[in-house]
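Architecture and fold: a report
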Amino acid sequence: MATATLGPPGPPTRTRRRGLNRREDTLTGFAFVLPQLVGSLLFVIGPLVAVVWYSLHDWNVLANSFTYSGTDNYERLASDPGFHDALRASGIFSAGLVLLNVSLALALAVMLNQRLPGTATFRAFFFSPVVVSLVAWTIVWGFLLQADGGINGFLSQLGVDGPNWLREGPTAMLSVIVVQVFKNVGLNMVLFLAALQGVPKEVREAATMDGASPWRSFWSVTVPLISGTILLVSILTVVGSLQVFAQIAVLTQGGPGTSTTVIVYYLYQQAFQFQEFGYASAVSVVLFVIVAILTFVQWQTRRRWVFHEV
Amino acid sequence: MKHRNLWGVAGITAVALTLTACGGGDGGDSTSDGPAALRMTVWTSDEAQLALFQEIADAYVAEHSDTVSEISFETLPFEEYTTGITTQIAGGNPPDLAWIFESSAPEFVASGALLDLRPVLEETDGYDVDDLEPDALRLWENDGGLYAYPFSNSPFGVFVNTDQLTAAGQPLPADLIASGDWTWDRAAQIAAATAQTSGKAGLVVRDFEFSVWEYLATIWASFGAQPWSEDGSTCEFTAPEMIDALTWIHDQIFTTGAMPGPGTTADFFAGDAAMTVTQISRASALDDSFGWDLVPLPDGPQGHVNVIGQAGIGVFADGPNAEAAADFLAYFTNPENAERLAAYFPPPRTSLLTADTLQAANAKLSAEQLQAVVVDGIRGAVTKPAHANFAQLQQAIRAELDALWTADADVSAVAESVCAAAEPLLAG
């Protein structure tokens, strides 16, 4: 007590007060993030940990048995041809979706970035599917893509005998990809449009004055300046593509054969149709790791192709 | 310091969550202390059927208010029905009673999830267990126990749009039955000719939709074919009878046009098809917009085979109200209530399987139709395919059969690939 009162008066008190203030700030900060933290623990971290735990068990819901099986489910995955088919289908779906979605969204954004009449209507037209219910959107497309549906009806008017879109391997996957592209291309288009409008006019004018053609100016000036948005859109599209489910469930139920049985649909079959909850949990852990790795790789390689990161 | 605080908050939250989780678990058993609130999952959303169930349930609650306070019927979507039940079980919230498809019967019966109903039914006054049709019970029995009551035994028949057939100048099936000519070949000829005239579909196997292949059993049964052996251990898709049946079906789709191709939607009850193979319970969807008839399934190369679809009601053995639920089931299906339910679901009771009894409850069907299709159709009938591993078999076989639904398909090669996919699952 005596030591405290006799000590140097100035600096220690200020340090203590600064420490107290900092602690108050920290507590206040935690108070603000607490609801989010609890929500994340309850609805994200908790289920994630639980799924990893379940994946180490043989869980038969009907027989009410829950037996520790170690890495059996993961070993089974390695030799399961159905899972390999699902990986292949997801790869095809993701590649097709990213390629079509990003390129179409960018092309539409470039068109809408021109000062032409009717662009607002055009923008609303392509953005409107984003706010439509996914299942309703998919059901309508399901009717259109039937053998005797609207698309083949239109083609027959032109004298073309359309394929049975959802019942033939290549066209079934193509149909699912196109339905998903039209559903979400509007959102990516708006993101690209915002990025394009952020490109300084002077930079493009300078390129033009230096003799660059419009195409050269686009590739060498505009694309590097919006590369951050291209990265964001690519990550979002890849992650979203690996989680596709409703479109498959409504349009093809994984068929014909297993050509459109993507990972999430395979996971759903294992868990909710075959009651293999432990095995399905292992599939979902692997899916989580794949998404995490892809996102990490895309993020790490940003320095190579995102202009701002150079 | 920051890390300590963060871990402190995380620790408090974890403890709070653990306590919350522990607290939540207590609520589930509270019903066992007082009168139970029972819940039965069903796949029907028909208001008249649900009203009848509720009427019977309310009468039971009135008589047993000391043990049961309320009985509710929860409709789950037909397509996702079994998935819905297993999700509820996995979530720790199983229903007390549930309807069960015949295809899932072996899996549910063998799992031990269901209560043996036989002791309760035998001890219930006036239940008359001996009146239950043995053929109807077989699928739901295991080691002398009865694990679900087959409340619905609905035979498959052929609904015919007589207006379309007459307009196409085709003979009516009723006349062909009288002359002994009602065969699948003849039915296909009539369907193809009628479809050509009407521009609509010919013969539709309802609910098949080139995915739910088990409905094709209505055709291949009379070819002497079956998907797997009686003991469920060997694939039979490569048997000559099955090859003949699949070839016949393929021809009707891609050669004669008697059956619509994949991706074509045709609802008989909306007047879009000449004939449809379905269960008699669908008669409720008919109105007077066209003339129709209901006839038994046609004969195949192996003669006449009746096929029925069943649905059972089971009680979950681990539920907190299993005893009360079983007692309600005995009341719900006693002779009096079984007669009332017969308006929609042909019961497994021998005494009620008469044309007169069924006609009193089915105004749309004549006594002759009920005798031919229902009464004669249930005894000795084969049930739609079922297996203890049915869900996986259904998907595996569906995926391989997809290759059959193209014009240039090699039936034998597809059958080989079906068996290659099915054998490991049958063995498992």
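Keep in mind that what you see is a predicted model, and the values were worked out from it rather than measured. (Residues numbered from 1 in each chain as written. Chains lettered and ligands numbered in written order. Predicted model: local features only at pLDDT ≥ 70, side-chain atom pairs only at ≥ 80, totals over all residues.)

1. Focus on the overall build of chain B
Rules: Each helix is a run of H or I in the DSSP string that is no shorter than four residues. Each strand is a run of E no shorter than two, and both are numbered from the N terminus. Atoms counted for the radius of gyration: C-alpha only. Globule rule: 2.2 Å times the number of residues to the power 0.38. Using C-beta atoms placed from the backbone, we call a residue buried if 20 or more other C-beta atoms fall within 10 Å of its own, exposed if 12 or fewer do, and partly exposed for counts in between. Remark: residues whose backbone-derived C-beta atoms lie within 7 Å of one another are considered to be in contact.
When you go through chain B residue by residue, the secondary structure sums to 17 helices and eleven strands. By the compact-globule yardstick of 22 Å for 428 residues, chain B fits well, its C-alpha radius of gyration being 25 Å. For the C-alpha atoms alone, the extent of chain B along its principal axes is close to 85 × 60 × 40 Å. Counting over 428 residues, chain B shows a buried share of 45%. Pairs at least 24 apart in sequence give 75% of the contacts found in chain B among residues at least 6 apart.

2. Let's talk about the overall build of chain A
What chain A contains, in helices and strands, is 15 helices and two strands. Computed over its C-alpha atoms, the radius of gyration of chain A comes to 27 Å, more than 25% above the 19 Å expected for a compact globule of 310 residues. Its C-alpha atoms give chain A principal-axis dimensions of about 100 × 75 × 30 Å. For chain A, buried positions account for 29% of its 310 residues. In chain A, of all internal contacts separated by at least 6 residues, the share reaching a separation of at least 24 is 71%.

3. Examining the UniProt feature "transmembrane region" (unreviewed entry) in chain A
Residue and element names in this part refer to chain A. Definition in use: UniProt positions are given in the numbering used here, feature names are shortened, and annotations may be inferred rather than shown by experiment.
As annotated by UniProt and renumbered to match this structure, "transmembrane region" (unreviewed entry) occupies residues 27-56, 91-112, 124-144, 172-196, 217-239, 245-267 and 279-299. Secondary structure over residues 27-56 splits into 93% helix and 0% strand, and the C-alpha atoms at its two ends are 38 Å apart. Here residues 124-144 is 71% helix and 0% strand, with 22 Å between the C-alpha atoms at its ends.

4. Some thoughts on the interface of chain A and chain B
Convention followed: Three classes are used, and their members are as follows: Ala, Val, Leu, Ile, Met, Phe, Trp, Tyr, Cys and Pro are nonpolar, Asp, Glu, Lys and Arg are charged, and the others, Gly among them, are polar.
The interface of chain A with chain B comprises 28 residues on the first partner and 29 residues on the second. Those elements giving two or more residues to the side of chain A that touches chain B turn out to be α2 (10-54) and α13 (263-273) of chain A. Top element by residues in the side of chain A that touches chain B is α2(A). It accounts for seven residues. In the side of chain A that touches chain B, the residues fall into 15 nonpolar, eleven polar and two charged.

5. Description of the confidence of the model for chain A
Residues and elements named next belong to chain A. Rules: Confidence of the predictor at the level of single residues is given by pLDDT, which spans 0 to 100.
Here chain A averages 89 in pLDDT, while 94% of its residues score no lower than 70. Ranking the helices and strands of chain A by mean pLDDT puts helix α3 (residues 72-78) first, with 96, and helix α1 (residues 2-6) last, with 44. Note that residues 1-7 has pLDDT below 50 and, in this model, one contact with residues that lie over four places away or in other chains.

6. Here's the deal with helix α9 (residues 184-198) of chain B
Note: α-helices contain 3.6 residues per turn, so residues at a spacing of three or four share the same orientation. The cut-off we apply is this: Helices are assigned an expected span. That span is 1.5 Å times one less than the residue count.
Look at α9(B): 20 Å from first C-alpha to last across 15 residues, which is about the 21 Å you get at 1.5 Å a residue. Where α9(B) is buried, its residues meet α7 (162-167), β7 (201-205), α10 (217-220), α11 (240-254) and β8 (273-279) of chain B.

7. Thoughts on the domain arrangement of chain B
Residue and element names in this part refer to chain B. Here is the rule: How far each domain reaches was decided by an automatic or database domain assignment.
Domain annotation for chain B reports domain 1 (34-154 + 309-370) and domain 2 (155-307 + 383-427). Going through the elements one at a time, α4 (105-111) and β10 (307-315) are the ones with two or more residues in the side of domain 1 that touches domain 2. Broken down by element, the residue count for the side of domain 1 that touches domain 2 peaks at four residues, all from α4. Of the residues assigned to the side of domain 1 that touches domain 2, the class counts are seven nonpolar, seven polar and three charged.

8. Quick notes on the pairing of strand β9 (residues 292-296) of chain B
Residues and elements named next belong to chain B. Using the following cut-off: What makes two strands pair is DSSP finding at least two bridges between them.
Counting buried residues along β9, four of its five residues qualify, which places the element largely inside the surrounding structure. Two elements, strand β6 (residues 149-161) and β9, share five bridges in a ladder whose sense is antiparallel. Within β9, the residue paired with asparagine 161 across the bridge is tryptophan 292.

9. As for the domain arrangement of chain A
Interface size is often expressed as the accessible area that is lost when the parts come together. Taken as a whole, chain A is organised into domain 1 (2-54) and domain 2 (80-309). Of note, the centres of domain 1 of chain A and domain 2 of chain A, computed from C-alpha atoms alone, are 42 Å apart.

10. What to know about the environment of Thr82(B)
Residues and elements named next belong to chain B. Position of threonine 82 relative to the elements: it lies in helix α3 (residues 81-90). In this structure threonine 82 comes out as buried when scored by C-beta crowding, with 23 C-beta atoms within 10 Å. Sequence spacing of threonine 82 and phenylalanine 101 is 19 residues, and the spatial spacing of their C-alpha atoms is 7.9 Å. Beyond its immediate stretch of four places on either side in the chain, threonine 82 contacts Phe101 and Ser104.

11. Some details on the confidence of the model for chain B
Residues and elements named next belong to chain B. With 92% of its residues at a pLDDT of at least 70, chain B reaches an overall mean of 89. When mean pLDDT is taken per element in chain B, α11 scores highest with 98 and helix α1 (residues 2-25) scores lowest with 41. Here residues 1-31 is modelled with pLDDT under 50, and outside its nearest four sequence neighbours on either side it reaches 17 contacts, counting other chains as well. Here the predicted complex scores 0.84 on pTM and 0.81 on ipTM.

12. Some details on the pairing of strand β2 (residues 68-75) of chain B
Residues and elements named next belong to chain B. The test is simple: We call a crossover right-handed when, viewed with both strands directed away from the observer, the connection leading from the first strand over the helix to the second proceeds clockwise.
Here strand β1 (residues 36-42) runs beside β2; their pairing, made up of seven bridges, is parallel. What sits directly across from alanine 36, in β2, is valine 68. Tracing the backbone out of β1, into helix α2 (residues 47-63) and back to the parallel element β2 gives a crossover that is right-handed.

13. Here's the deal with unusual backbone geometry
Here the bond from Gly255(A) into Pro256(A) is cis, since omega is -5 degrees, no more than 30 degrees from zero. Summarising the element assignment, Pro256(A) is placed in the loop between α12 (246-251) and α13. Backbone geometry at Asp128(B) places phi at a positive 60 degrees, although glycine is not the residue there. Relative to the assigned elements, Asp128(B) resides in the loop between α5 (118-123) and α6 (134-137). A positive phi angle is found at Asp207(B), which is not glycine, with a value near 75 degrees. With respect to the helices and strands, the residue Asp207(B) is situated in the loop between β7 and α10.

14. A look at α3(B)
Within the span of α3(B), buried status applies to Thr82(B), Gly84(B), Ile85(B), Thr86(B) and Ile89(B). Buried residues belonging to α3(B) abut α13 of chain A together with β1 and β3 (97-101) of chain B. Phi turns positive one or two residues past the end of α3(B), at Gly92(B), with a value near 75 degrees.

15. Structural notes on the packing of α11(B) against helix α17 (residues 411-427) of chain B
Residue and element names in this part refer to chain B. Rules: Angular values range over 0 to 180 degrees, each being the angle between N-to-C directions of two axes fitted as lines to C-alpha atoms, with helices fitted over their stretch in contact. Here is the rule for angles: anything less than 35 degrees is roughly parallel, anything more than 145 is roughly antiparallel, 65 through 115 is roughly perpendicular, and the remaining ranges are oblique. Two helices that cross are described as forming a left-handed crossing if the nearer one is turned anticlockwise from the farther one by less than a right angle, and a right-handed crossing if clockwise.
Where α11 meets α17, the closest approach of the two axes is 10 Å, and the angle between their N-to-C directions is 125 degrees. By the angle class used here, α11 and α17 are oblique. Our pair here, α11 against α17, has a crossing hand that is right-handed. Of the residues in α17, those in contact with Met242, Ile243, Leu246, Thr247 and His250 of α11 are Val411, Ser412 and Ala415. Residue composition of the contact of α11 with α17, grouped by class: five nonpolar, three polar and no charged.

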